[in-house]
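# Structure at a glance
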Amino acid sequence: MKTLFIECNMGAAGDMLMGALYELLPEPEQKQFLETMNSLFPDKIMVTAVPMEKCGIWGTKINMAILGQTESPEASHTSQNPEGHAHQNLEGHMHHHNADGQTHSHTLHTSYPEMLAQIDSLPIPTSVKEHAKAAYQLIGEAESSAHHTDISQIHFHEVGTLDALMDVVGCCMLLETLNPEQIISSPIHVGSGSVRCAHGILPVPAPATAEILKDVPIYGGAVEGELCTPTGAALLKHFASQFTAMPPMAVEKTGYGMGAKDFPTANCLRAFWGSMSILPVPSPRQLPGSYTARPLAGIAEEETHPDYYTEQFHSLDQILELSCNLDDMSPEAVSYTVNLLMEAGALDVFTTAIYMKKNRPGLLLTCLCNLEEETRFSKLILTHTSTRGIRIQPYYRRTLDSQFRKVRTPYGEITVKISTGYGIRKCKPEYEDVAAAARQCKVPFAKVFDAAMDACTNIYL
């Protein structure tokens, strides 16, 4: 599964995310991307990608010259020092702070509906427009909530609008080109301290950013300043399917998007491109002796040849384990949830007896599911149990291929599951068929089971 993992150890800003994604493209596509971006507002904006070094790490800094002005370091990871720099506040308004501390605003503004109409007018694919509008809706809703006003009343200054608009559209275009099967983000470092805007000095994360990042794992730290901007927060909230530590993956390429401001820690956002189905499977001749070819009862002669094992090896797949502790639910309610999850298609569901705080007896509920099903099963668990949180752990899995066949026994036909692979063959009668035959023939369960197992030896796949 082609996976994009975004590492936000130094927060997230739109231009930093764009720089990291830009580095994942082949060089010809990088050139085409810049040409497309510069064709959107040829008389108002110029987008360039320049190499930049931070703490010995080289990456790409996306620069934008807007209406003849170049964004300042504070447009990407803002500073508490306003002297002589342009700074974009919560609403996307662009103000200029002079050395005397006075704030001077531009006069051109764009409303939220006008912003959506502007996106619709761009010569870009429809899917890119829809993603861009969805990201802007998150920003608009957060701004309206933070300022207790209707979203239609939110206004963006033209300069700040173009800056943020190009960040959003650029990231959406890059993700359209990369087309990952899933996007995962790390928890987001939001910074600490305070940030200056048109309304005064506000705590970090700023109210709009905090609103966007509801239900997203965030953390502060020793770095002072605003590390996550509303634009960066909205893009991650819209695109990332989950926020967790980096999963095991075979990384094919890494992109570095650089912020302009300098910190003791390298000011960059990293994007890892690779596959979640990792680790090449070696042939049996490279494996421990337990996989050495040897004759097996019921296996055709050609299956004992080493090449047969090599052909039968499959890639490892990855699943997720969702778990939570329960100590305040009735056994009936837990049983209902287990059955519900199984009926919903979970790979497996089980409970384990545990002791919790104050030595209270409880249950550990564990649900195994495929990666793409995590959101659905997490919601089911949160809905039907008393837990407030779910632990998510990725695991590798190697499985045998299975088929269902019917075998004839003195007690009637019994369905058996035959699992094969890696030179291994296993047969197991299905419980329901065995139990039904035992009841009907009035014989012990074990007698029917053994008869079905004997019949399995005559089956060749």
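Placed above this text is the structure.
Heads up: these notes are all about the structure in this document. Nothing here was measured: the structure is a model prediction, and the numbers come from that model.

Calculation criteria
Residues numbered from 1 in each chain as written. Predicted model: local features only at pLDDT ≥ 70, side-chain atom pairs only at ≥ 80, totals over all residues. Heavy atoms only, no water. Helix = DSSP H or I, 4+ residues; strand = E, 2+ residues; numbered from the N terminus. Buried < 20%, exposed > 50% of the residue type's maximum accessible area, 1.4 Å probe, protein only. Contact = heavy atoms within 4.5 Å. 1 Å grid on protein atoms, 1.4 Å probe; cavity = no way out; pocket = protein on both sides within 12 Å on 5 of 7 lines; lining within 4 Å. Points joined across faces, edges and corners; volume = space filled by probe spheres on them. Nonpolar A, V, L, I, M, F, W, Y, C, P; charged D, E, K, R; others polar. Phe/Tyr/Trp six-rings, centres within 6.5 Å; stacked < 30°, edge-to-face > 60°. Lys NZ or Arg CZ within 6 Å of the ring centre and 35° of its normal. Pairing = 2+ DSSP bridges. Axes fitted to C-alpha atoms, helices over the stretch in contact; angles between N-to-C directions. Expected span 1.5 Å × (residues − 1). Arc of directions from axis to C-beta.

### Examining the overall build of the chain
- For the chain, the helix and strand inventory stands at 12 helices and 26 strands.
- Sorting the 461 residues of the chain into buried and exposed places 46% on the buried side.
- Long-range pairs, those at least 24 residues apart, make up 67% of the contacts in the chain between residues at least 6 apart in sequence.

### Focus on the layout of surface pockets
- For the largest pocket, the calculated volume is near 480 Å³.
- Forming the boundary of the largest pocket are 19 residues, of which Asp-215, Ser-241, Gln-242, Glu-374 and Thr-375 lie nearest the centre.
- Sorting the residues of the lining of the largest pocket by element identifies β17 (242-243) and α10 (374-384) as the ones contributing at least two each.
- No other element matches the five residues that α10 contributes to the lining of the largest pocket.
- For the lining of the largest pocket, the residue count by class is seven nonpolar, six polar and six charged.

### Quick word on the packing of aromatic side chains
- A full pass over the atoms with the stated rule returns four aromatic pairs.
- For the pair Tyr-431 and Phe-445, a centre-to-centre distance of 5.6 Å together with 35° between the ring planes defines the contact as tilted. With Tyr-431 in helix α11 (residues 431-441) and Phe-445 in helix α12 (residues 445-456), the pair connects residues that are 14 residues apart, well separated along the chain.
- Aromatic pair Phe-445 and Phe-449: ring centres 6.3 Å apart, planes at 25°, arrangement stacked. In this pair, Phe-445 and Phe-449 are both assigned in helix α12, four residues apart and thus about one turn of the helix distant.
- For Phe-445, a relative accessible area of 34% translates into the label partly exposed.
- Among the residues examined, Phe-449 registers a relative accessible area of 25% and is labelled partly exposed.
- Three or more aromatic residues joined by ring pairs make a cluster, and in this case those are Tyr-431, Phe-445 and Phe-449.
- Taking NZ or CZ as reference, Arg-376 lies 4.6 Å from the ring centre of Phe-377, over its face.

### Notes on the sheet that holds strand β23 (residues 391-397)
- The strand order across the open sheet formed by four strands is β21-β22-β20-β23, and the pairing between neighbours is antiparallel. The open sheet has two free edges, formed respectively by β21 (348-355) and β23, since each of these has just one partner strand. Across this sheet, the average inter-strand angle for adjacent strands is 25°, counted without regard to direction.
- In this structure, strand β20 (residues 317-326) lies alongside β23, joined through seven bridges in antiparallel fashion. Looking across to β23, one finds that Leu-320 is bridged to Pro-394.
- Lying on the sheet, helix α9 (residues 331-343) is in contact with β20, β21 and β22 (361-370); it crosses β21 at an angle near 150°.

### Here we look at the side chain of Ser-185
- Along the chain, Ser-185 falls in strand β10 (residues 182-185).
- Residues in contact with Ser-185, not counting those within four places in the same chain, are Phe-5, Ile-6, Cys-8, Leu-236, Ala-240, Gln-242, Phe-243 and Thr-244.

### Considering the sheet that holds strand β24 (residues 401-409)
- Strand order in this open sheet of three strands is β24-β25-β26, and the pairing throughout is antiparallel. Only two strands of the sheet have a single neighbouring strand rather than two, namely β24 and β26 (424-429). The average undirected angle you get between the axes of adjacent strands in this sheet is 25°.
- Sitting on the sheet, α11 is in contact with β24, β25 (412-421) and β26, with an inclination near 155° to β25.

### Considerations on α9
- Look at α9: 18 Å from first C-alpha to last across 13 residues, which is about the 18 Å you get at 1.5 Å a residue.
- For α9, the complete set of buried residues consists of Val-334, Thr-337, Val-338, Leu-340 and Leu-341. Each buried residue of α9 sits inside an arc of 165° when the element is viewed along its axis, so together they form one side. Along α9, exposed side chains directed more than 90 degrees from the buried face belong to Pro-331, Glu-332, Tyr-336 and Glu-343.
- Of the surrounding elements, those touching the buried residues of α9 are β20, β21, β22 and α10.
- After α9 finishes, the residue Gly-345 shows a positive phi value of roughly 105°.

### Section: the environment of Leu-322
- Its location among the elements puts Leu-322 in strand β20.
- Exposure remark for Leu-322: the relative accessible area of 0% places this residue in the buried category.
- For the pair Leu-322 and Glu-374, spaced 52 residues apart in sequence, the C-alpha separation works out to 8.0 Å.
- Among residues more than four places away in sequence, those in contact with Leu-322 are Leu-365, Thr-366, Cys-367, Cys-369, Glu-374, Phe-377, Ser-378, Ile-381, Ile-390, Arg-391 and Ile-392.

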